[in-house]
Amino acid sequence: MTTKIDEAQVRRVALLGRLELSDEEVAQFSGQLSDIVTYIEKLNELDTDNVEPLAHCLPVHNVLREDVPKPSLTNDQALANAPARENEYFKMPKVLGDNSGA
Amino acid sequence: MADLDYKVIVGLEIHVHLATKTKIFCGCELAYGDTANTHVCPVCLGMPGSLPVMNKTALEYSILTGLALNCEIAKFTKWDRKSYYYPDLPKNYQISQYDLPFSEHGYIEIPLESGETKKIRILRAHLEEDAGKNTHTLGNFSAIDLNRAGTPLLEIVTEPDMNSAEEVGALARELQRIVRYLGVSEGDMQKGHMRFEPNINLHITKNGEVFKTPISEVKNLNSFRAVERSVAYEVRRQLAAFEETGVTMQMGNKATYGWDDDKQMTVLQREKEEAHDYRYFPDPDLVPVDIDDAWLGEIKGRLCELPIQMQVRFAKEYGLSDYDAGVLTADRATAEFFDGTVKLGADAKRVCNLLTQTGLKLANEKGVSVDQLRISMENLAKLAKMADGGDVSASAATTIFEEMAENGGDPAQIAEAKNLVQKSDAGEIEALVDAVLAENAKAVEDAKNNPKKGKKAMGFLMGQVMQKSKGQANPKIVSQLLNQKLNV
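Residues numbered from 1 in each chain as written. Chains lettered and ligands numbered in written order. Predicted model: local features only at pLDDT ≥ 70, side-chain atom pairs only at ≥ 80, totals over all residues. Heavy atoms only, no water.

Participant: Explain the packing of helix H12 (residues 426-439) of chain B against helix H15 (residues 475-486) of chain B to me, using residue names and the numbers behind them.
Facilitator: Residue and element names in this part refer to chain B. H15 packs onto H12 with a crossing angle of 55° between their chain directions and a minimal axis gap of 10 Å. On the basis of the axis angle, H12 is oblique to H15. In this structure, H12 crosses over H15, and the sense of that crossing is right-handed. Residues Ala-426, Ile-429, Glu-430, Val-433, Asp-434 and Leu-437 of H12 touch H15, and the partners they reach there are Ile-477, Val-478, Leu-481, Leu-482, Lys-485 and Leu-486. Classifying every residue of the contact of H12 with H15 gives 9 nonpolar, no polar and 3 charged. (Axes fitted to C-alpha atoms, helices over the stretch in contact; angles between N-to-C directions. Helix = DSSP H or I, 4+ residues; strand = E, 2+ residues; numbered from the N terminus. Parallel < 35°, antiparallel > 145°, perpendicular 65-115°, else oblique. Left-handed = near helix turned anticlockwise from the far one by under 90°. Contact = heavy atoms within 4.5 Å. Nonpolar A, V, L, I, M, F, W, Y, C, P; charged D, E, K, R; others polar.)

Participant: Outline the domain arrangement of chain B, listing residues and values.
Facilitator: Looking at chain B, the domain boundaries give domain 1 (13-199 + 272-294), domain 2 (307-417) and domain 3 (426-486). For domain 1 of chain B versus domain 3 of chain B, the separation of C-alpha centres amounts to 68 Å. (Domains from an automatic or database assignment.)

Participant: So what's going on with the nonpolar core? Residues and values would help.
Facilitator: Residues and elements named next belong to chain B. Of all hydrophobic cores here, the largest spans 125 residues; its most connected members are Phe-196 and Phe-338. If one sorts the elements of this core by residue count, helix H2 (residues 165-182) sits on top with 10 residues. Formed jointly, this core draws a minimum of three residues from each of two domains, domain 1 (13-199 + 272-294) and domain 2 (307-417). In contact with Phe-196, other than residues within four places in its own chain, are Leu-12, Glu-13, Ile-14, Ala-172, Met-189, Val-218, Lys-219, Asn-220, Leu-221, Phe-224 and Val-227. One finds Ala-443, Val-444, Leu-481 and Leu-482 within the second-largest nonpolar core, a separate group that totals 18 residues. (Core = buried A, V, L, I, M, F, W, Y, C linked by side-chain atoms within 4.5 Å. Buried < 20%, exposed > 50% of the residue type's maximum accessible area, 1.4 Å probe, protein only.)

Participant: Which residues make up the pattern of salt bridges, and what values go with them?
Facilitator: Opposite charge on two side chains makes pairing possible when the charged atoms of those side chains draw close. In total, this model carries 38 salt bridges over all chains according to the counting rule given. Residue Lys-42 of chain A is joined to Glu-45 of chain A by a salt bridge in which the shortest nitrogen-to-oxygen separation is 3.7 Å. Accessibility expressed as a relative area gives 63% for Glu-45 of chain A, which makes it exposed. As a salt-bridge pair, Arg-302 of chain B and Glu-298 of chain B come within 3.0 Å of each other at their nearest N and O atoms. Accessibility expressed as a relative area gives 32% for Arg-302 of chain B, which makes it partly exposed. (Salt bridge = Lys/Arg side-chain N within 4 Å of Asp/Glu carboxyl O.)

Participant: Help me get a handle on the interface of chain A and chain B, residues and values and all.
Facilitator: Chain A puts 38 residues into the contact, and the matching count from chain B is 66 residues. Together, the buried faces of chain A and chain B total about 4400 Å²; carbon and sulfur atoms form 59% of this surface. Counting the contacts that link chain A with chain B gives 0 salt bridges. Elements with a minimum of two residues in the side of chain A that touches chain B: helix H1 (7-16), strand S1 (64-65), helix H3 (75-79) and strand S3 (89-93) of chain A. (Buried area = accessible area lost by both parts, 1.4 Å probe.)

Participant: Any chance you could break down the environment of Asp-293 of chain B for me, citing the residues and the numbers?
Facilitator: Tracing the backbone shows Asp-293 of chain B in helix H4 (residues 293-300). At 3.1 Å, the side chain of Asp-293 of chain B and the side chain of Lys-75 of chain B are in polar contact. (Polar contact = N/O pair within 3.5 Å; in protein donor to acceptor, adjacent residues only side chain to side chain.)

Participant: Lay out the sheet that holds strand S10 (residues 141-145) of chain B in plain terms, naming residues and giving numbers.
Facilitator: Taken in spatial order, the 4 strands make up an open sheet running S2(A)-S3(A)-S10(B)-S9(B), and their pairing is antiparallel. This sheet does not close on itself; its edge strands, each paired only once, are strand S2 (85-86) of chain A together with strand S9 (133-138) of chain B. (Pairing = 2+ DSSP bridges.)

Participant: Could you give me a rundown of the pairing of strand S8 (residues 117-129) of chain B, with the residues and numbers involved?
Facilitator: Each regular strand displays side chains that alternate between the two surfaces of the sheet. Residues and elements named next belong to chain B. Here strand S7 (residues 103-111) pairs with S8 via 8 bridges, running antiparallel. Opposite Glu-104, over in S8, you have Arg-124 as the bridge partner. With 7 bridges joining them, S8 and strand S11 (residues 152-158) adopt antiparallel strand pairing. Paired with Arg-124 across the two strands is Val-157, which belongs to S11.

Participant: Describe the environment of Leu-239 of chain B, naming the residues involved and giving the relevant values.
Facilitator: Residues and elements named next belong to chain B. Inspection of the secondary structure puts Leu-239 in helix H3 (residues 224-245). On the basis of relative accessible area, Leu-239 is assigned to the buried category, the value being 15%. Sequence separation of Leu-239 and Tyr-6 is 233 residues, and the distance between their C-alpha atoms is 8.7 Å. Among residues more than four places away in sequence, those in contact with Leu-239 are Leu-4, Tyr-6, Leu-202 and Ile-204.

Participant: Residue-level account of the packing of aromatic side chains, with values.
Facilitator: This model, assessed by the stated rule, comprises 9 aromatic pairs over all chains. Here the aromatic rings of Phe-196 of chain B and Phe-224 of chain B are separated by 6.1 Å at their centres, their planes lie at 50°, and the arrangement is tilted. Of this pair, Phe-196 of chain B sits in strand S12 (residues 194-206) while Phe-224 of chain B sits in helix H3, and the two are 28 residues apart along the sequence. You can call Phe-196 of chain B buried: its relative accessible area is 0%. For Phe-224 of chain B, a relative accessible area of 13% corresponds to the buried category. Seen from their ring centres, Tyr-318 of chain B and Phe-338 of chain B are 5.7 Å apart, and the 70° between their planes marks the pair as edge-to-face. One end of the pair, Tyr-318 of chain B, is in the loop between helix H5 (307-317) and helix H6 (322-328); the other, Phe-338 of chain B, is in helix H7 (residues 332-343), with 20 residues separating them in the sequence. Residue Phe-338 of chain B is classed as buried on the basis of its relative accessible area of 0%. Connected via pairs of aromatic rings, a cluster forms that spans Tyr-98, Tyr-278 and Tyr-280 of chain B. The ring of Phe-141 of chain B carries Lys-91 of chain A above its face, with NZ or CZ at 4.7 Å from the centroid. (Phe/Tyr/Trp six-rings, centres within 6.5 Å; stacked < 30°, edge-to-face > 60°. Lys NZ or Arg CZ within 6 Å of the ring centre and 35° of its normal.)

Participant: Would you mind going over the packing of H5 of chain B against H7 of chain B in detail, with residue names and values included?
Facilitator: All names here are of chain B. Put simply, H5 and H7 touch, their axes get as near as 11 Å, and they point 35° apart. Taken as a pair, H5 and H7 cross one another with a handedness that is left-handed. Counted together, Met-310, Arg-313 and Phe-314 of H5 and Ala-335, Glu-336, Phe-338, Asp-339 and Lys-343 of H7 form the full contact between these two elements. Grouping the amino acids of the contact of H5 with H7 by side-chain chemistry returns 4 nonpolar, no polar and 4 charged.

Participant: Any details on H12 of chain B? Residues and values, ideally.
Facilitator: Residue and element names in this part refer to chain B. The end-to-end C-alpha distance of H12, which contains 14 residues, comes to 20 Å, matching closely the 20 Å that a straight helix rising 1.5 Å per residue would cover. Residues Ile-429, Val-433, Val-436 and Leu-437 constitute the buried set of H12. For H12, the buried positions fall inside an angular range of 100° around the axis, keeping them on one side. Opposite its buried face, H12 presents the exposed residues Ala-438 and Glu-439, each directed more than 90 degrees away. Against helix H13 (441-449), helix H14 (454-468) and H15 lie the buried residues of H12. (Expected span 1.5 Å × (residues − 1). Arc of directions from axis to C-beta.)

Participant: An account of the sheet that holds strand S17 (residues 281-282) of chain B is requested, with residue identities and associated values reported.
Facilitator: All names here are of chain B. What the 3 strands build is an open sheet, ordered S6-S5-S17; its pairing is antiparallel. The open sheet has two edge strands, strand S6 (93-96) and S17, and neither has a second partner. As paired elements, strand S5 (residues 80-83) and S17 share 2 bridges and run antiparallel to each other. In the strand pairing of S17, Asp-80 is matched with Pro-282.

Set out below in C-alpha cells:
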C-alpha cells in the first residue's frame, strides 16, 4: 500500500496539535492514517458534481437565543476542575512566544 | 541618499465588541472589570458536553453594521472552528466564520482633511467570539481570566485602500462614530471595545521600477494615536530598511509587529509567518442561519442616517464649516438634536453656536447628552429666533440657554423675567441717543470731525446709550441711529 500520509506530515500534524510523538509512534501513525485515508477515499467513487456542499448535517436552521442574562457559575465552581489556580484566576504554564489574542 | 518616490499602502483589520447584554453563545453577562472568572459558565469555559447557542441580538447588531458599511448581506451564513492553542480560549478553537461570512464587499466613507470624503472598500465582516485575558504573569505561569471569553466580536477587514497614517486614523474614528450611532457598540477604546491591526507596506518607485516592501502587520492596537503612530513609524522603518537592504516582498516574508508605546516604535514579534494552519471546519454545534428578506428588511429599518452623511449635509445645506459640522456629528444625540431644531426654522449657525459653545459644555459637566438638558428643540428654536430677530443679545441668549438647561422653561418668559429683552423700538432708542448726544458735545465733535479719534468717540457714545438703556437697547439699531445722526 502506498503511503498517503508520510512521516513528515505526521510530524507536522503532531506539531499543530501540540502532540509529542516518538519516532516509533510517527511510523505507526503514518501507516494507520494512510489506511484510514485509503478507506475514506472510497467516497470519491460517488458523483458529487451536482451536489451542494453541506454546511451542517441537520436540516435545521436559525437556532437563536434572546439576549437575556442567565446566572453564571461562582468563581469557586468555575475553578473547581482547574489543575492550578491563583486567587480567582486559572493558573497556566506561560506560553512562549505568546501571540494569543483572537 | 536621494529621496525616494513612494506610496503608502495600508489595509486594516478591526475587532469591535458588540454591546449585547450577554455573550455570543451563552447567557453569561458581559462585564468589564469585574472579579475574574465570575462571568463564566460551562459553555464559555469550554467544558465537554456544553452546547453554544447563537445570541440573536449579536447577529442582528452585526448585520446592521454590515448594512451601514454598504456590505452585501449573505442569505446563508455559518460558523466554523478555527484551531487556537492558547489558554485564554479553553476550547482549543475559536468559533469564527471562514468561507461564508455574513457580509462582504462594502465600503466605508471617511472624512479627509480637505473636507472631501474617500471610500475605503470593505472586504468582509464576520462575527466571532473574543478570547479571555492573560492578565499577568507569575514567573513561568500566566493568570487567566475568562470573563471576556465569548464576548461577541465583529471582525471587519478593509481592502488596502488607505494611503497615509491620517487616513487610517480617520477610518478608525469614523468606524467608532458609526458603531456608536447604530448603538451596536460603546466603542470605548479604554475598555478595549475596538482593536486595530494595520497591514502596511510601501510601493517605492526607483529608476522607473516599482518595488514593494515586505508587509508588516501591527497587532492589537487599542488607541487611535497608537494606530496612526505605528503606521507612520512603519513607513519610516520600511523606507530605511529598503534603502539599506533593498529587501522586497516575497512569499512568506510578512512579519508581525507589536507597538511599544513607551519607546514609540514597532517591535518585531514573528519574522516569517509559520504557514498558518488554522484547520477551519464547520462547527457541528451551531446550525447555519438563513437571513430572509423579511428579517433583513426589519433590520434595515433600524438604520439611521450615517454620521459622515450628516456631517456633509450640515456643511452643504446649512452652510456650516466642516469643523462645526464635525463637532455636531461627533455623537448622534447632538447631531439629531441640532438637526431637529434647525428643521423648526431656526438659523443653523445660531443653533450651532448655542450648542457647541454652551450646550456641549453644560452637557459634559452634567454627564448627559445635549438632548437630555432640560431644553426642548422647540424652545431652543424659539431662543435662536429671538436672538436672530434682535429680541435678545447674543450674550443674553447664552444666559437664557443656561437657565433653560438648568430649570427648563420658555425662553421668552425667562428673557422677560430676567430683564434680558432687547429694546428695538426705534422711537424709544432715538430719545436715548439724542440725550447722549446732547450730554457729550466733545465726543460728538470727535466722532464727526476728528479722523484719529472718530472711531473711539463713536464707541464711547455707543457705550453711553447702552448704559442708559441698562444694556437692553438693540445695539444694531443704536449704531444705525448714531451713524445717521452724526452723518458718518
